[in-house]
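Geometric and topological summary
These are the residues of each chain, in order.
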Amino acid sequence: MQEKPDKIKPALFGGLTIAIISTVPVINFINCFCCAGVILGGLLSVHFYNKSLAELADIELTYADGITLGLMSGAIGAVIGTLFSSVIGTNIQQSIQKMMEYSSDLPPEFEEALDMLGQHQEGFALIALGLMMSLIINCIFGMLGGILGVSLFTRKKVG
Amino acid sequence: MKSNTKTIFKSTTFLYLVFFSAVSLWCSLIIAAPLLAKYEYGLASGITYLFFSKICHQMPERSFFILGKQFAVCSRCTGLYFGFLLGTIIYPLISKFKSNWIPAKKYFFLAGIPISIDIFIRFFRIAENTFTSRLITGLILGAITVFFVLPGFLSISDKSIK
């Protein structure tokens, strides 16, 4: 019985794609379309995993693979993306500023809470909040991308 | 054999309900953000807006409003997510929970055509899209996408799927 290929490499590739799309200015606008960048990362990880499966005759791509790859690339993308954004400066503080520009009537309690978070050591709490939100969003949309990838890349009917 | 099928069906139904609840919660949050703001639950409303700001531009001129407060996402995203909810509701009626049933791939790409046209006519300044066009094209893609995603989620319960 042949063993399934390693999932780390395709997940890393998908995660890096997610991180780049999420952090590079202008390109990160793609994520404004329902996290299309994260879905694309999940799709790509499944695509590369499927390619490595093509060399093995009796192993097929399954939805379980798609879910695992999507979750892995989403989580990797969130961690690398948060690191990138801390360096580049496109972090959650910018999201908040952008939100404040658009929403003139933000509730005062919310602004107070954000000020309180920002007072922590170098805005560490804001980075942690950003990472937590990215992890939730990336895992959801990465998983969607992974499942979509299996549905779209398998030649025959899945199951 | 019969009881095995029954168990699988039961867990498929359970997974479907989990999926339906998650999608309903997601869509509720989109409307909850402005309502919370209206009724002065500022912190909860702000956190919800902040959460959705990571996945949508939230431009007021492209968003729906309720009681004078804008939705947590723009009209196109509203269409996509509510289309996804609509697709989740009609999925059991069409698929009858057959775990290995997915439509032909062409339907996914066909569902993407209206939304692509709507985006490109605006991008190339051929015409201006409207709230209705953004909402309807989003609804179409969202509803069709469910048929390619939900079988994968439901397959978690089906031990026969490797």
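Worth saying up front: this structure is predicted, and the values here are computed from it rather than measured. (Residues numbered from 1 in each chain as written. Chains lettered and ligands numbered in written order. Predicted model: local features only at pLDDT ≥ 70, side-chain atom pairs only at ≥ 80, totals over all residues.)

**Overview of the overall build of chain A**
Each helix and strand in chain A was counted, giving six helices and zero strands. A buried classification covers 42% of the 159 residues belonging to chain A. (Helix = DSSP H or I, 4+ residues; strand = E, 2+ residues; numbered from the N terminus. Buried ≥ 20, exposed ≤ 12 C-beta atoms within 10 Å, placed from the backbone.)

**Thoughts on the overall build of chain B**
A tally of helices and strands in chain B yields five helices and two strands. Each helix (α) and strand (β) of chain B, taken in turn from the N terminus, gives the series α-α-β-β-α-α-α. The burial tally for chain B puts 38% of its 162 residues in the buried class. When contacts within chain B are restricted to residue pairs at least 6 apart in sequence, those whose partners lie at least 24 apart make up 71%. (Contact = placed C-beta atoms within 7 Å.)

**Some words on helix 2 (residues 36-53) of chain A**
A rise of 1.5 Å per residue sets the reference length of helix 2 of chain A, with its 18 residues, at 26 Å; its end C-alpha atoms lie 25 Å apart and thus fit the reference within 8%. In terms of burial, helix 2 of chain A is a largely internal element, 13 of the 18 residues being buried. (Expected span 1.5 Å × (residues − 1).)

**Digging into the environment of Phe 84 of chain A**
Residue and element names in this part refer to chain A. Topologically, Phe 84 is positioned in helix 3 (residues 63-88). C-alpha separation for the pair Phe 84 and Ile 20, spaced 64 residues apart in sequence, amounts to 8.2 Å. Once you skip the residues sitting within four places of it in the chain, Phe 84 turns out to touch Ala 19 and Thr 23.

**Quick word on the nonpolar core**
Counting residues in hydrophobic clusters, the biggest one holds 64 residues, and the most contacted among them are Ile 39 and Ile 147 of chain A together with Val 149 of chain B. The greatest single-element share of this core, amounting to twelve residues, is contributed by helix 5 (residues 131-154) of chain B. (Core = buried A, V, L, I, M, F, W, Y, C linked by C-beta atoms within 7 Å.)

**Some details on the packing of helix 2 of chain A against helix 6 (residues 124-153) of chain A**
Residue and element names in this part refer to chain A. Viewed as axis vectors pointing N to C, helix 2 and helix 6 meet at an angle of 45°, and their least axial separation amounts to 7 Å. Relative to helix 6, the element helix 2 is oriented oblique. The two elements helix 2 and helix 6 meet at a crossing, and its hand is right-handed. Only Asn 138, Phe 141, Gly 142, Met 143, Leu 144, Gly 145, Gly 146, Leu 148, Gly 149, Val 150 and Phe 153 of helix 6 make contact with helix 2, whose side of the interface consists of Val 38, Ile 39, Leu 40, Gly 41, Gly 42, Leu 43, Ser 45, Val 46, His 47 and Asn 50. (Axes fitted to C-alpha atoms, helices over the stretch in contact; angles between N-to-C directions. Parallel < 35°, antiparallel > 145°, perpendicular 65-115°, else oblique. Left-handed = near helix turned anticlockwise from the far one by under 90°.)

**Some points on helix 3 (residues 75-95) of chain B**
Residues and elements named next belong to chain B. An ideal rise of 1.5 Å per residue puts 30 Å on 21 residues; helix 3 measures up with 29 Å between its terminal C-alpha atoms. Of all the bends in helix 3, the largest measures some 35° and sits at Ile 89, one to four residues before the proline Pro 92. In the stretch just after helix 3, Lys 96 is the one whose phi turns positive, near 55°. (Bend = angle between axes of the 7 residues up to and from the residue.)

**A short note on the confidence of the model for chain B**
Residue and element names in this part refer to chain B. Of all residues in chain B, 90% attain a pLDDT of 70 or more, and the chain-wide mean is 86. Highest mean pLDDT in chain B belongs to helix 3 (94); lowest belongs to helix 1 (residues 2-38) (84). Here the predicted complex carries an ipTM of 0.84, next to a pTM of 0.83. (pLDDT = per-residue confidence, 0-100.)

**Quick word on unusual backbone geometry**
Residue and element names in this part refer to chain B. Positive phi, normally seen in glycine, also occurs at Gln 58, with a value near 55°. Position of Gln 58 among the secondary structure elements: in the loop between helix 2 (42-53) and strand 1 (65-66). By C-beta crowding, Gln 58 is classed as buried, having 23 other C-beta atoms within 10 Å. In the Ramachandran plot, Leu 67 falls in the positive-phi region, its phi being about 50° despite a non-glycine side chain. Take Leu 67: it is sitting in the loop between strand 1 and strand 2 (69-70).

**Concerning the packing of helix 6 of chain A against helix 5 of chain B**
Two numbers describe how helix 6 of chain A lies on helix 5 of chain B: the axes approach to 8 Å, and their chain directions differ by 100°. Compared by their axis directions, helix 6 of chain A and helix 5 of chain B come out roughly perpendicular. Where helix 6 of chain A abuts helix 5 of chain B, its residues Leu 144, Ile 147, Leu 148, Val 150 and Ser 151 of chain A lie against Phe 148, Val 149, Gly 152 and Phe 153 of chain B. In terms of residue class, the contact of helix 6 of chain A with helix 5 of chain B is made up of seven nonpolar, two polar and no charged. (Nonpolar A, V, L, I, M, F, W, Y, C, P; charged D, E, K, R; others polar.)

**Some thoughts on the environment of Ser 63 of chain B**
All names here are of chain B. Following the sequence through the fold, Ser 63 ends up in the loop between helix 2 and strand 1. Judged by the 22 C-beta atoms lying within 10 Å of it, Ser 63 is buried. Residues Ser 63 and Ser 24, 39 residues apart in the sequence, show an inter-C-alpha distance of 20 Å.

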